[in-house]
Amino acid sequence: GPVTAKFEAGFAEYCGAPGAVSVASGTAGLHILLKAMGIGRGDEVITPSMTFASTVNQLVLAGAKPVFVDCDYGTLNLDVGAVEALITPKTKAVIPVHFAGGPCDMDPLMELARRRGVAVIEDAAHAVGTRYRGKPVGSHGNPAIFSFHPIKNITTGEGGMVTLHNQ
């Protein structure tokens, strides 16, 4: 209803995104994005080796193959320098996880993704309020998934949000 629409508009504005859609959970947001982006059987998606199980579960449910990239020991985010070697003609996306409120190094990742024609879906489940180079995560031109599960830093009891951009 109108309260949800107001929340979506306010969240999009807060994240610097053109739009946002509320969902039942961050997991549901990823499920919807994978479907909307046509990611499925035979596709590969690169994601950090340290992530929540639902990321991998949704990739497998979609029929895609998760490809694990190592994490940087200093940040615990994916090692951007290790991503390119894992990209194959079957790679459709990279899902960086902004771990524990620390942002992934998005500029080199976005440059690599543009150069290699691979989509980026930000997993910002633990990153409401996280900023990268002064901008909120979810504002870098690709979809981002947020979670409002009770253990997160902002909660609605459950639920999630997907920020959207024209792609």
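Higher on the page you've got the structure.
Residues numbered from 1 in each chain as written. Predicted model: local features only at pLDDT ≥ 70, side-chain atom pairs only at ≥ 80, totals over all residues. Heavy atoms only, no water.

1. Some points on the environment of G134
Turning to step 1, where the next piece is worked out: Examined against the element boundaries, G134 turns out to sit in the loop between β7 (131–132) and β8 (135–136).
Turning to step 2, where the next piece is worked out: Given a relative accessible area of 47%, G134 falls into the partly exposed group.
Turning to step 3, where the next piece is worked out: G134 sits 111 residues away from V23 along the chain, and the two C-alpha atoms are 27 Å apart. (Helix = DSSP H or I, 4+ residues; strand = E, 2+ residues; numbered from the N terminus. Buried < 20%, exposed > 50% of the residue type's maximum accessible area, 1.4 Å probe, protein only.)

2. Some thoughts on helix α5 (residues 106–116)
Turning to step 1, where the next piece is worked out: Among the residues making up α5, those that are buried are M106, L109, M110, L112 and A113. Angularly, the buried residues of α5 cover 160° about the axis, an arc narrow enough to put them on a single face.
Turning to step 2, where the next piece is worked out: Close packing links the buried residues of α5 with α4 (80–83), β4 (91–94), β5 (119–120), β6 (122–123) and β7.
Turning to step 3, where the next piece is worked out: G117 sits one or two positions beyond α5 and adopts a positive phi of about 70°. (Arc of directions from axis to C-beta. Contact = heavy atoms within 4.5 Å.)

3. Points about unusual backbone geometry
Turning to step 1, where the next piece is worked out: Residue L76 is not a glycine yet carries a positive backbone phi of 65°.
Turning to step 2, where the next piece is worked out: Inspection of the secondary structure assignment puts L76 in the loop between β3 (65–69) and α4.

4. Quick notes on the packing of aromatic side chains
Turning to step 1, where the next piece is worked out: A full pass over the atoms with the stated rule returns four aromatic pairs.
Turning to step 2, where the next piece is worked out: With centroids separated by 6.1 Å and ring planes inclined at 65°, the aromatic side chains of F7 and F11 adopt a geometry described as edge-to-face. You can see F7 and its partner F11 sitting in helix α1 (residues 2–15), four residues apart, about one turn around the helix.
Turning to step 3, where the next piece is worked out: Given a relative accessible area of 31%, F7 falls into the partly exposed group.
Turning to step 4, where the next piece is worked out: Assessed through its relative accessible area of 5%, F11 is described here as buried.
Turning to step 5, where the next piece is worked out: Between the aromatic rings of F11 and F146, the centroid separation amounts to 5.0 Å while the plane-to-plane angle is 80°, which identifies the pairing as edge-to-face. With F11 in helix α1 and F146 in strand β9 (residues 144–147), this residue pair connects regions lying 135 residues apart in the sequence.
Turning to step 6, where the next piece is worked out: Ring-pair connections join several aromatic residues into one group, and the members of that group are F7, F11, F146 and F148. (Phe/Tyr/Trp six-rings, centres within 6.5 Å; stacked < 30°, edge-to-face > 60°.)

5. A short note on the pattern of salt bridges
Turning to step 1, where the next piece is worked out: Inspection of every chain in the model, using the stated rule, returns five salt bridges.
Turning to step 2, where the next piece is worked out: The network of salt bridges with common partners includes E84, E111, R115 and R116. (Salt bridge = Lys/Arg side-chain N within 4 Å of Asp/Glu carboxyl O.)

6. Concerning helix α3 (residues 53–62)
Residues spaced three or four apart along an α-helix point in a common direction, a consequence of the helix completing one turn every 3.6 residues.
Turning to step 1, where the next piece is worked out: For α3, every residue scored as buried is listed here: S54, T55, V56, Q58, L59 and A62.
Turning to step 2, where the next piece is worked out: Elements that come into contact with the buried residues of α3 comprise α2 (26–36), β2 (44–48), β3 and β6.
Turning to step 3, where the next piece is worked out: Where α3 ends, the next residue or the one after it, G63, has phi of about 95°, a positive value.

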